[in-house]
Amino acid sequence: MRGDSHPVSLIFWTKEGSVIKSLQRHWLSIALLSPSLILLGVFVYGFIGLNINISLTDEVGLNNNDANFIGLENYIKLLDDPRFHIDIWNTIVFSFSFIGITLALGLGLAILIDSKIPAEGFFRSVYLLPMAVSFIVTGVVWRWLMNPATGERTSGLNLLFDVVGLDFLINQWHLTPTWGMLGIAVPAIWQMSGYTMALFLAGLRGIPEEVKEAARMDGASELGIYRRVILPMLKPVALSAVVILAHISLKVFDLIIAIAGKQIALDVPAIYMWQTTFDAYNFARGATLATYILISVAIFVIPYLIVTNRKEKV
Amino acid sequence: MHLEKKKTLKALAIAATIPFVLTACASGSTDTSSSSDSNSGDSGSTSSDTAQIEVFSWWTGGGEEAGLNALVEVFNAEYPDIEFENGAVAGGAGTNARAVLATRLEANDPPASFQGHAGLELLDYITAGQIEDLSFLYDEMGWRDVMPQELLDLITVDGGIYSVPVNIHRANVMWANPSVLDEYNLDMPSTWDEFFAAAEVLQAGGVIPLALGEQWTQLHLFETVMLGELGTDAYNGLWDGSTDWASADVTSALETFNRIYDYTNSDAASLAWQDASQLVISGDAAFNIMGDWAEGYFRVDNELVEQEGYTWAPSPGTGGTFQFLSDSFTLPVGAPDRDSTIAWLKVAGSAEGQDAFNVQKGSIPARNDADQSIYPPYLQEAMDDWSSNAGAPSLTHGTAASNAFKAEIETALGLFLGTRDVAAFQDALVAAAAAQ
């Protein structure tokens, strides 16, 4: 590892003097950083490159040394794949419902907790607790709660609705045709809204009391303060929350497997990728799906990184 | 050298994804790490002349694990010098195990032997040159004389036999609740038309005619319906190309399959196969189609008595045909100690080993010279059928089609479940068959 850092520094040495000086000053930090930079380079960026490379070939089966380069054919073929269409639809339904409702609930809870309620610490912990559970555990529990059986075998939440007389709420949950992903979003919202609350709460606490006071002096109503002062100041927090929730929703895999197993009606790109790679050994198609997932996440993350970077420089 | 390098890189790439998926599936990753440790380390310092074999399987619970342990006991008694290392990776039907295995094979680090369904599921390993042809062992041990010719034909790929089957399961079994049948005065249906007539009666009485579970159990139903409606020869022809997937017979079989969904439970997608069996046990449902591992679930797990708590028959239209699947062991190319692996395979193929294994696992031996008297009644009947019936390979359980073909059929079925569009389903099946 130590030997590897040499060639890197050599490149800098050939440049102008100021670089040399700063290198002399920072050689320790560069040396300390290089192991993780190299590991990151190989295991993250190296493999992203390798994956894209495979996605441009026709590698199928375990005997793949004779794979041919076929360009973007895999990418084009997938766009015609009816299963991929279901994947895209499911991802859209899940992402919009999950991100939207989680943000709204998180903000709502944060505002409630921020309004000087008694036993604030207790409620904060209660709402944050689901975060400590893994998606697999959440999935198993909600699989029971969202049991879609009817008649005498009704159980879980449907049974609760039946007992308290809210019959109109009884539904098929994740087995609802076309909109089944809304059922999957319910446990995800349950799990992540507490975390989003924590983000917003930190944001709310960061708003100086003086600003609110000033608004009140100018005759703003409480509602007006929220609309015109507090919410605009929470924008950066909301942006972070959206990016975090978006990458979770685009990569969702374990939650669906735990609730519903592998079934096409609740398929998402990550499950399709897993199945086509390891059940069918279609490495090329699997790599193509992985690249599509990467691109979709990048659409959210890269603009965010650019914005934060710019801010930090200023 | 270049190829080697590329292979290693690719193995690393696959390996890098596995921890995530394994943790996501909350499975026994500790098993994996311990098994690979034992393989790479030269731990021979304490007992230098003890050979070791690591056998890779997905048998980690219930009768499966008990069966494996019984087989290992026979092995230890016969080869006390070879230490057996259990390299099992948890996860039903081997989904996790196969991902781990693929990585190790790519990295040229194969276990001594690994489990796989006999038949075309092994095709990928065979074409990649990762497992050895075992024909020599069949000749040496005389297995060709004690295993049915039909089995040997169906597990022969390009003239070679690449694994040793330790057991046989039957896929085409219809299970039923005898008290429900009595109450409605029904017999076990021998055709799907008879089933539909019975189903009307049952549905009118508020009983679910056919209990169904998650998607793979529906693929299982699909293959038994195809077998029942097309007949054995035409069904077997689906897999060797002699039956046209686009034919009118296939269309009408698919229509029958589609009609069955009018008589099933609405929550099928959220039930495991055991949950579906449970519906039959409780009398909520009358029938269920599942492989004969369900027999162990009825008899052992639920302590039911045959013909009182549960009864069975070949699934509609499949009387006289034994639709089978078989677990088997392989000899990987480059196995760490080839002779020890061959010793293991000899035990796996022996009458003694197969009897020890199958009584525990609840399946029948692949050999037809086993000791019938030690098996429970269902399995005795299955052994009679196995030696007298026509044979047909199972699709869901890896015998009939390559992994790629099976995956495409699975996807086509999944899409069909959303649309119930028979014509589109058939088109997708035709396309999948054409791509093979």
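Our structure is the block above this text.
The text that follows walks through the structure, step by step, so that each part is easy to find. Not measured: the values here are computed from a predicted model. Per chain, residues are indexed from 1 in the order of the written sequence. Chain letters and ligand numbers both follow the written order, the letters beginning at A and the numbers at 1. Local features are withheld for residues below a pLDDT of 70 in this predicted model, meaning they are given only at 70 or higher, and side-chain atom pairs are given and counted only at 80 or more; totals for whole chains, interfaces and linings count all residues. Heavy atoms throughout the structure, all of them, feed into the side-chain values; hydrogens and water do not.

Description of the side chain of N358 of chain B
All names here are of chain B.
Moving on, step 1. Each helix corresponds to a stretch of at least 4 residues labelled H or I by DSSP, and each strand to a stretch of at least 2 residues labelled E; elements are numbered beginning at the N terminus. Among the secondary structure elements, N358 is positioned in helix α17 (residues 351-361).
Moving on, step 2. For every residue, the accessible area obtained with a 1.4 Å probe (protein chains only) is divided by the maximum for its type, and the residue is called buried under 20%, exposed over 50%, and partly exposed between those limits. Relative accessible area serves as the criterion here: at 0%, N358 is assigned to the buried category.
Moving on, step 3. Sequence-distant contacts of N358, that is, excluding residues within four places in its chain, are made with V166, N167, S363, I364, P365 and Y375. Whether two residues are in contact is decided by their heavy atoms, any of which lying within 4.5 Å being enough.

Digging into the sheet that holds strand β13 (residues 327-330) of chain B
By way of backbone hydrogen bonds, the strands of a sheet pair with one another, either parallel or antiparallel.
All names here are of chain B.
Moving on, step 1. Strands pair, by our definition, only if DSSP identifies at least two bridges between them. Read from one edge of the open sheet, 5 strands run β2-β1-β3-β13-β6, paired in mixed fashion. Looking along the sheet, the strands with just one partner apiece sit at the ends: β2 (82-86) and β6 (163-165). With strand direction ignored, the average angle separating the axes of adjacent strands in the sheet is 30°.
Moving on, step 2. Sheet topology places strand β1 (residues 51-56) next to β2; 5 bridges connect them, and they run parallel. Here an angle of 0 to 180 degrees is reported between the N-to-C directions of two axes, which are lines fitted to C-alpha atoms, with helices fitted over the stretch in contact.

Here we look at a nonpolar patch on the surface
Moving on, step 1. Patch members must show over 30% relative accessible area and no salt bridge, and they are joined within 9 Å when carrying like charges or within 5 Å when they are nonpolar side chains of Val, Leu, Ile, Met, Phe, Trp or Tyr. The protein chains shown are the only cover counted for residues, whose accessible areas, like all others here, come from Shrake-Rupley with a 1.4 Å probe. By convention in these notes, a salt bridge is any Lys or Arg side-chain nitrogen within 4 Å of a carboxyl oxygen on Asp or Glu. On the surface, a nonpolar cluster with roughly 670 Å² of combined accessible area is contributed by L159, L160, V163, V164, L166, F168 and L169 of chain A.
Moving on, step 2. Within the fold, L169 of chain A resides in the loop between α7 (157-163) and α8 (180-205).

A closer look at the sheet that holds strand β14 (residues 390-393) of chain B
Residues and elements named next belong to chain B.
Moving on, step 1. Reading across the sheet, the 3 strands line up as β7-β12-β14 and stay open at both edges, with mixed pairing between neighbours. Every other strand in the sheet has two partners, leaving β7 (169-170) and β14 as the edge strands with one partner each.
Moving on, step 2. The sheet contact formed by β7 and strand β12 (residues 321-325) spans 2 bridges and is antiparallel. The residue bridging H169 from the neighbouring strand is L325, located in β12.
Moving on, step 3. In this fold helix α18 (residues 377-388) packs onto β7, β12 and β14, with an angle of close to 105° to the strand it touches most, β12.

Some remarks on the interface of chain A and chain B
Moving on, step 1. Tallying the contact residues gives 36 residues for chain A and 44 residues for chain B.
Moving on, step 2. Buried area adds together the accessible area that both of two parts lose upon being put together, with accessible area traced by a 1.4 Å probe. A buried area of about 3400 Å², summed over both sides, lies between chain A and chain B, and 61% of it is on carbon and sulfur atoms.
Moving on, step 3. For the pair chain A and chain B, the number of links is 2 salt bridges.
Moving on, step 4. We define a polar contact as two N or O atoms separated by no more than 3.5 Å, with the added condition that, inside protein, one atom must be a possible hydrogen donor and the other a possible acceptor, whereas residues neighbouring each other in sequence contribute only through side-chain atom pairs. At the boundary of chain A and chain B, one finds 7 residue pairs in polar contact (both at pLDDT 80 or more).

Some words on the packing of aromatic side chains
Residues and elements named next belong to chain B.
Moving on, step 1. Centre distance within 6.5 Å is the pairing criterion for rings of Phe, Tyr and Trp, where only the six-membered ring of Trp is used; planes under 30 degrees apart are then read as stacked, over 60 as edge-to-face, and the remainder as tilted. Enumeration according to the criterion identifies 48 aromatic pairs over all chains in this entry.
Moving on, step 2. In this structure an aromatic cluster arises from ring pairing among W59, F75, Y79, F84, F329, W344 and F357.
Moving on, step 3. Here the guanidinium or amino end of R259 rests over the ring plane of F196, the centre of that ring lying 3.9 Å away. Charge-over-ring contacts are defined here by two conditions on Lys NZ or Arg CZ: a distance within 6 Å of the ring centre and an angle within 35 degrees of the ring normal.

Looking at α18 of chain B
Residue and element names in this part refer to chain B.
Moving on, step 1. Compared with the 16 Å implied by 1.5 Å per residue over 12 residues, the 17 Å span of α18 between its first and last C-alpha is a close match.
Moving on, step 2. Listed as buried for α18 are Y378, L379, A382, M383, D385 and W386. In an axial view of α18, the angular spread of the buried residues amounts to 165°, which keeps them on one side of the axis. Pointing more than 90 degrees away from the buried face of α18 are the exposed residues S387 and S388.
Moving on, step 3. Elements in contact with the buried residues of α18: α8 (149-155), β7, β8 (173-176), α15 (293-301), β11 (311-314) and β12. Here the expected length of a helix is defined as 1.5 Å per residue gap, with one fewer gap than residues. The arc in question is the one traced by the directions running from the helix axis out to the C-beta atoms.

Considerations on unusual backbone geometry
Moving on, step 1. The phi dihedral of A119 of chain A falls on the positive side, at around 55°, and the residue is not glycine.
Moving on, step 2. Its place among the elements puts A119 of chain A in the loop between α4 (82-114) and α5 (120-128).
Moving on, step 3. Despite not being glycine, Q307 of chain B has its phi angle at roughly 70°, a positive value.
Moving on, step 4. In this fold, Q307 of chain B is placed in the loop between α15 and β11.
Moving on, step 5. Residue Q307 of chain B is classed as partly exposed on the basis of its relative accessible area of 45%.

A closer look at the pattern of salt bridges
Moving on, step 1. Tallying each qualifying case throughout the model produces 21 salt bridges over all chains.
Moving on, step 2. Among the salt bridges present, the one from E120 of chain A reaches R124 of chain A, with a minimum N-O distance of 2.9 Å. Placement of both E120 of chain A and R124 of chain A in helix α5 is noted, with a separation of 4 residues, approximately one turn of the helix.
Moving on, step 3. Look at R124 of chain A and you get partly exposed, because its relative accessible area is 35%.
Moving on, step 4. For D262 of chain B, the salt bridge goes to R420 of chain B, with nearest N and O atoms at 3.2 Å. Of the two residues, D262 of chain B is situated in the loop between α13 (248-260) and α14 (273-282) and R420 of chain B in the loop between α19 (403-419) and α20 (422-434); the sequence distance between them amounts to 158 residues.
Moving on, step 5. For D262 of chain B, a relative accessible area of 45% gives the class partly exposed.
Moving on, step 6. Among the charged side chains, a network of salt bridges with common partners joins D114, E120, R124 and R205 of chain A.

Remember, this is a structural readout, not a statement about activity or role.
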